[in-house]
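# Observations on the three-dimensional arrangement
Each chain, letter by letter, is given below.
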Amino acid sequence: MSDSNDTYFIPEPSRWPIVGTIALFVAFIGGGMVLNGYINNGQYVLGIGVAAIIYLFYGWFKDVIDESIAGKYNEQVDISFRWGMAWFIFSEVMFFAAFFGALFYTRVLSIPWLGLEENVSNQFLWPDFQAVWPLLTTPDMTIAGVESKYMAIKEVIPAWGLPAWNTAILLASGATVTFAHWALKKGNRAALCWWLAATVLLGFIFVYLQATEYGHAYHELDLTMKSGVYGSTFFMLTGFHGFHVTMGATMLAVILIRSMKGHFSDHNHFAFEAVAWYWHFVDVVWLGLFVFVYWI
Amino acid sequence: MSEAVLHDDHHDHKPTGIGRWLFSTNHKDIGTMYLVFALIMFFVGGAMSMVIRAELFQPGLQYVDPQFYNSMVTVHALVMIFGALMPAGVGLANWMIPIMIGAPDMALPRMNNMSFWILPFAFTLLLSTFFMQGGAPAGGWTMYPPLVLQLGDGFPYLVFAVHFLGISSIMGAINIIATVFNMRAPGMTFMRLPLFVWTWIITAFLLIAAMPVLAGGVTMLLTDKYFGTAFFDAAGGGDPVMFQHIFWFFGHPEVYILVLPSFGVISQIIPTFSRKPLFGYTSMVYATASIAFLSFFVWAHHMFTVGMPLAGELFFMYATMSIAVPTGVKIFNWMATMWRGSMTFETPMLFAIGVLFMFSIGGFSGLMMGITPVDFQYHDTYFIVAHFHYVIVPGIIFGIIGGIYFWLPKWTGNMYDEKLGKLHFWLSTISVNVLFFPMHFIGLAGMPRRIPDYSVQFADWNNIISIGGFAFGLSQLLLVWVVIKCVRGGEKATDQVWEGAHGLEWTLSSPPPFHSFTTPPKVTDATAHS
Ligand code: HEM
Ligand SMILES: [Cu+2]
């Protein structure tokens, strides 16, 4: 250990990056095939790609974990990882910013414009269009006798039902992961594992509730991706968020297993913190969703 | 202690065979791969521009059909921006940043490898669209809907290639930030960093903030086409103009992502050959940072004619103008650095001075187009083509080429052929102006961009432009020859290489050892070169 404190660890040549690149490449090819309608062959290619990506994560992180356990990482390497994770999360923030931007742009600017009487689109194309939010009726539904490309929404999901419960669940999980961190710092492994397990459970309950909500939206409310811009922003934002929660909960589960194996010590547990940061990030994104997608 | 470190305590241990490149965790090897890849893509994109210029040599349709012509215009831009300029900048960063700040390597070497290897695969995806039903993207590199949604089977691959390249850029940027913030040698304080390092940290922040937004934008295109969403369809309550906002929120910072590394390179070159420290180092840092910051608030100057509210037109006009202030500071500082210096004009210096002059030409036309009312005349004409080619070709590519000449002796241990280098500079400079300057005239006279045919009054200038284009393209072969010649041998370079060069990178041998600075050097005011 003392040696590794003054030399920065430079890994030996590694095959994981190129494996990862090829895995993504195959997944993209498969995804494109599926989208282009070559479903039968495409889904296998996509499946192989996704499997390879999972294998990649497993293999690459296994190397990193082994190196960490072997004590190859000094303080400085740890800080590099911290910078890396922090700015990765920031890039995710900007990814969501694009979709939030789309939501605000349509709600604040473009839908009101479509409803303005002096606006040409209103005068010549859709004179009966009402600019309201939630937008249940798209402009092209307002012309009698023309079939719309989109599906009219019967009802949207109110904020103070299931979404409020989901907010409570995610906030609670933010608390439990913090309790887990405190337990880790005190060196109390049993408490660490229990609090982590609670967090993972809350994460997956959230995903489950989200899935039932989607079912309800599709089957009873006619709220789908094809329901005009309300459905588009709704599913894009909640969908990517739900995907991130799933990823986060899976990562937390890995951390739980590693905690049970005793991989972390009170002063050396970057992996735990990275996942916890990520979890807080998903949490904050949800608050934005709850307020701007469901509530106001 | 790692094996790698143990090894190079004894000898310079290099992996061999193809594995050295495929599995590399060495910043110099990865930097070399980036640069070679960029050079190849420079010629791939260049070949496409030659098709464009051949078609435009005369009015009428000669060689290609309009759809293919549009593919050439679109893919030329994508290849040059994402395949040549950005990788060249990252290649220089990879090679130089660790040895400029006294670090053993990049902070996250495996991720560094992945950011490089994504590139050839991403371009395989993109270029394969030429062989698909519906052909390659032809709606312009800006990918505006609804036009881009008409693309055939190539569409998902366009989107995925952009995603893939975005992943690569973000990983590269994170790596650079982690390296600079965490791996500086003791005493290498932020205000002692070489300016090239500074411009690259700022570029890295721009990349992390801008690339994900583009990824989000193209994702919405994808769902609009395949999943029935209505983001960019007014009939469903969306707005096609919204895509332009999202695209340019990325797109304008992107132009600074491209240019800042070039600014960084010439900020190294000019002091070296003026034998004076850079004038106004601190103001350079702040000017660069403010350019980057402002670049997030000017995007709609690309959309003046699209029908924005007046308040928007005015805001984006004034914001655009304001960027001229920090840019002016930089230009002034470079000139003041040369003032009363004992200057010599080796090839890198020539290219740097070329940047200074010709970037300014592009900057001025940018300023003109930033004035909303007059942009109604310039927009979507050859005037804007002239503008961005001035800032990109003699502004960015010249900077990168200057950097290549500047550091080539350090990388290879051999001096390049100075005569050929100078010849390359003069041929490029003359031809680039023959190529792009007349575009201002035909643009003002009303020739639209992205159209394979034009009315006959533009024929003479287009003739001249095409000749300039072919000459410029051919001149670049000289660069390849100079580089190959230099790699294969030549007069041995000293460690310092250039008489006026200061900084850690010049204390290493030429070429530097495979692993440099395994023990960090101590940096003091005397050894830092700001
Ligand atoms: C820093 C280097 C620069 C680069 C690489 C650059 C690049 C570009 C590119 C690629 C375009 C065309 C985009 C397209 O429609 O395809 C463009 C347009 C434009 N640029 Fe620049 N530019 C730079 C500097 C400037 C500066 C300094 C200004 C103004 C102060 C400026 C103002 C504009 C304006 C107003 C347009 C839009 C013109 C129109 O569409 O009518 N640019 N630039
Ligand atoms: Cu711009």
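These notes cover the structure that comes with them. Just so we're clear, the structure is a prediction, and the values are computed from it rather than from any experiment.

Before going further, it helps to examine the overall build of chain B. A count of helical and extended segments in chain B gives 15 helices and zero strands. Here the C-alpha radius of gyration of chain B, 23 Å, is about what a compact globule of 530 residues would show, namely 24 Å. Along the first, second and third principal axes, the C-alpha set of chain B runs to 70 × 50 × 45 Å. Within chain B, the fraction of its 530 residues that count as buried is 65%.

In this section: the coordination of the iron atom of ligand 1. Residue and element names in this part refer to chain B. Donation to the iron atom of ligand 1 from the protein comes from one atom only, His387 (NE2), at 2.1 Å. The metal-metal distance between the iron atom of ligand 1 and the copper ion (ligand 2) comes to 4.5 Å. Inspection of the secondary structure puts His387 in helix H13 (residues 382-412).

Before going further, it helps to spend a moment on the interface of chain B and chain A. Counting residues at the interface gives 70 residues for chain B, matched by 66 residues for chain A. Carbon and sulfur atoms make up 74% of the surface buried where chain B meets chain A, a total of about 5,900 Å² over both sides. Counting the contacts that link chain B with chain A gives two salt bridges. The partner of Asp233(B) in a salt bridge is Lys149(A), with the nearest N and O atoms 2.9 Å apart. Across the contact surface, chain B and chain A share 17 residue pairs in polar contact (both at pLDDT 80 or more).

Looking now at the pattern of salt bridges. Residues and elements named next belong to chain A. This structure, assessed with the given rule, holds eleven salt bridges over all chains. Linking Arg82 and Asp78 is a salt bridge whose minimum nitrogen-to-oxygen distance equals 2.8 Å. Remark: Asp78 and Arg82 occur in helix H3 (residues 75-115); sequence separation between them is four residues, near one turn of the helix. The buried category is assigned to Asp78, whose relative accessible area is 18%. With a closest N to O distance of 3.1 Å, Glu273 and Arg82 form a salt bridge. Here Arg82 lies in helix H3 and Glu273 lies in helix H8 (residues 270-295), a separation of 191 residues in the sequence. What makes Glu273 buried here is its relative accessible area of 16%. Each member of the salt-bridge network shares a partner with another, and the members are Asp78, Arg82 and Glu273.

What counts, and where the lines are drawn
- Residues numbered from 1 in each chain as written.
- Chains lettered and ligands numbered in written order.
- Predicted model: local features only at pLDDT ≥ 70, side-chain atom pairs only at ≥ 80, totals over all residues.
- Heavy atoms only, no water.
- Helix = DSSP H or I, 4+ residues; strand = E, 2+ residues; numbered from the N terminus.
- Rg over C-alpha atoms; globule rule 2.2 N^0.38 Å.
- Buried < 20%, exposed > 50% of the residue type's maximum accessible area, 1.4 Å probe, protein only.
- Donors = N, O, S within 2.8 Å, 3.2 Å for Na, K, Ca; no water.
- Contact = heavy atoms within 4.5 Å.
- Buried area = accessible area lost by both parts, 1.4 Å probe.
- Salt bridge = Lys/Arg side-chain N within 4 Å of Asp/Glu carboxyl O.
- Polar contact = N/O pair within 3.5 Å; in protein donor to acceptor, adjacent residues only side chain to side chain.

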